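Structural description and commentary
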Amino acid sequence: MNFLKSAFLVCTLFLCLSAGQAHAKADTVALYTEAVMTGDIPALETLLAPNYWHIAGSGHIEDKEHFIESIKNKELVVDRLTITNVRTTMIGGATLMTGNGYFKGISQPAQPEGLMRFTLVVVKNQNREQVVLFQATPVVATPDCRDGNCKIQ
């Protein structure tokens, strides 16, 4: 009887640890926002697709090389980047995501801060998810904004 209880306990512990590992795996958007906020260049090198485009809230466009350089040279320092109310759809091998959230930071050229509509496109590249496009659009808070339907500034 004790053997069965012990076996049951070991199996339960194994299942709990396995489930914890599955939940511990962070998604690409969370890894992206964390790497941008912390200035983690090696993570950005891995997370961004070779053909990455970054479109800031000001409309300024940078490719992967220039975006990473702007972070490395402290021309872009992000204090806060949150993305909530994410809506996701698949088109072929690409995942399109849009949500609203908040941006605060300093940059050259200057960017608007505050409430934003974010759009990201994630693709699978060499068995790894990578961000191929990021765009921020300044928006105005409205009662519908809680559901992601904010008005463009």
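Residues numbered from 1 in each chain as written. Predicted model: local features only at pLDDT ≥ 70, side-chain atom pairs only at ≥ 80, totals over all residues. Heavy atoms only, no water.

1. Description of the environment of Ala136
One can find Ala136 in strand β6 (residues 128-140). As for Ala136 and Ser58, which are separated by 78 residues in sequence, their C-alpha atoms are 8.2 Å apart. The residues contacting Ala136, other than those within four sequence positions of it, are Ile55, Ala56, Gly57, Met116, Arg117 and Phe118. (Helix = DSSP H or I, 4+ residues; strand = E, 2+ residues; numbered from the N terminus. Contact = heavy atoms within 4.5 Å.)

2. Points about unusual backbone geometry
Residue Pro109 follows Gln108 across a cis peptide bond; omega there is -5°. One non-glycine residue, Lys74, lies in the positive phi region at around 60°. Within the secondary structure layout, Lys74 lies in the loop between α4 (64-72) and β3 (76-91). A residue is classified by how much of its surface remains accessible, and Lys74, at 60% relative accessible area, is exposed. Its identity is not glycine, yet Asn127 carries a phi of approximately 60°, on the positive side. (Buried < 20%, exposed > 50% of the residue type's maximum accessible area, 1.4 Å probe, protein only.)

3. Looking at the pattern of salt bridges
By the definition in use, this model includes two salt bridges. A salt bridge links Lys64 to Glu45, with the shortest nitrogen-to-oxygen separation between them at 4.0 Å. Of this pair, Lys64 sits in helix α4 while Glu45 sits in helix α3 (residues 41-47); the two residues are 19 residues apart in sequence, bridging distant segments of the chain. (Salt bridge = Lys/Arg side-chain N within 4 Å of Asp/Glu carboxyl O.)

4. Remarks on the packing of aromatic side chains
For the structure on display, the rule yields four aromatic pairs. Between Tyr32 and Tyr52, the ring centres sit 6.4 Å apart and the planes meet at 50°, which makes this aromatic pair tilted. Pair noted here: Tyr32 is in helix α2 (residues 28-38) and Tyr52 is in strand β1 (residues 48-55), with a separation of 20 residues, a long-range link. Overall, the relative accessible area of 0% leaves Tyr32 in the buried class. Here the aromatic rings of Phe118 and Phe134 are separated by 5.5 Å at their centres, their planes lie at 35°, and the arrangement is tilted. Here Phe118, found in strand β5 (residues 114-125), pairs with Phe134, found in strand β6; they are 16 residues apart in sequence, far enough to count as distant. With respect to burial, Phe118 and Phe134 carry one shared label: buried. (Phe/Tyr/Trp six-rings, centres within 6.5 Å; stacked < 30°, edge-to-face > 60°.)

Keep in mind these values describe shape, not function.
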